[in-house]
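One-letter residues, chain by chain:
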Amino acid sequence: MSGSECLQYVGPQYGEEKVQFLDSIDVLVFPSRYVNEAEPLTVHEAMARAVPVLALDRGCIQEIVPSVAGTVLEDNENTVSRAADVLMEWWRNPEQMRVKSDGAIETYSKLRLLHLDNFAALCNEMVSLLGGREGV
């Protein structure tokens, strides 16, 4: 099988097409080299669909992808080789993939609840500062 038979460029996906795409993949490989990569929405979206993430260590990625939900790699001369090793390890061990998949959705759920709580607290603080009442 040639490389072109193994890879398919999909391009941007939106709405239901994005959901279908995420449901069709086993792993999200996110090799961003963008120095200012903050907290990529794509990573959260993948984990929300129980898709483990293999990413380069950029911005907040290390904090949002714990080892139970995927693998975050340092960007160095061994990155491509290490990524291939990780993918082969997951492919050879379906139980490990199941654990990573479960960990991805669990991680997303915990982060979502944390962010909702933080947002509610921020809204209450803003209302309080404006002289309103709490309980947003």
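Everything here concerns the structure above.
So, how was this worked out
Each chain carries its own residue numbering, running from 1 in the direction its sequence is written. In keeping with the predicted nature of the model, local features appear solely for residues at pLDDT of at least 70, side-chain atom pairs appear and are counted solely at 80 or more, and the whole-chain, interface and lining totals rest on all residues. Side-chain metrics in this entry use all non-hydrogen atoms of the structure; hydrogen atoms and water are not considered. Only protein chains enter the accessibility calculation, which uses a 1.4 Å probe; a residue is then buried when its area is under 20% of its type maximum, exposed when over 50%, and partly exposed in between. Secondary structure elements are defined from DSSP: runs of H or I of at least 4 residues count as helices, runs of E of at least 2 residues count as strands, and each element is numbered from the N terminus. For two strands to be treated as a pair, DSSP must find no fewer than two bridges joining them. By convention, a crossover is right-handed whenever its connection, traced from the first strand over the helix to the second and viewed with the strands pointing away, goes clockwise. In this description, a nonpolar core means a group of buried Ala, Val, Leu, Ile, Met, Phe, Trp, Tyr and Cys residues linked to one another through side-chain atoms lying within 4.5 Å. Note on definitions: a residue-residue contact is assigned when non-hydrogen atoms from the two residues lie within 4.5 Å.

1. Things to note about the pairing of strand 2 (residues 53-56)
Link 1 in the chain: Residue alternation in strand 2 divides its side chains into two sets, Val53 and Ala55 and Leu54 and Leu56, and both sets are buried.
Link 2 in the chain: Sheet analysis places strand 1 (residues 28-30) next to strand 2, joined by three bridges and oriented parallel. Pairing of Leu28 across the sheet is with Val53, part of strand 2.
Link 3 in the chain: Considered for its hand, the β-α-β crossover made up of strand 1, helix 3 (residues 41-48) and strand 2 is right-handed.
Link 4 in the chain: Of the strand pairs in this sheet, strand 2 and strand 3 (residues 70-73) are connected by four bridges, and their pairing is parallel. Note that in strand 3 the partner of Leu56 across the bridge is Leu73.

2. Remarks on the nonpolar core
Link 1 in the chain: Judged by nonpolar contacts, the single largest core of 17 residues is most densely connected at Leu28, Val43, Met47, Val53 and Val65.
Link 2 in the chain: At the level of elements, strand 1, helix 3, strand 2, helix 4 (61-64) and helix 6 (94-129) are the ones that each hand at least two residues to this core.
Link 3 in the chain: Looking at this core element by element, the count peaks at three residues for helix 3.
Link 4 in the chain: Discounting chain neighbours no more than four positions away, the residues touching Val65 are Val43, Met47, Val53, Gly70, Thr71 and Val72.
Link 5 in the chain: Judged by nonpolar contacts, the second largest core, of eight residues, contains Val27, Leu56, Val86 and Trp90.

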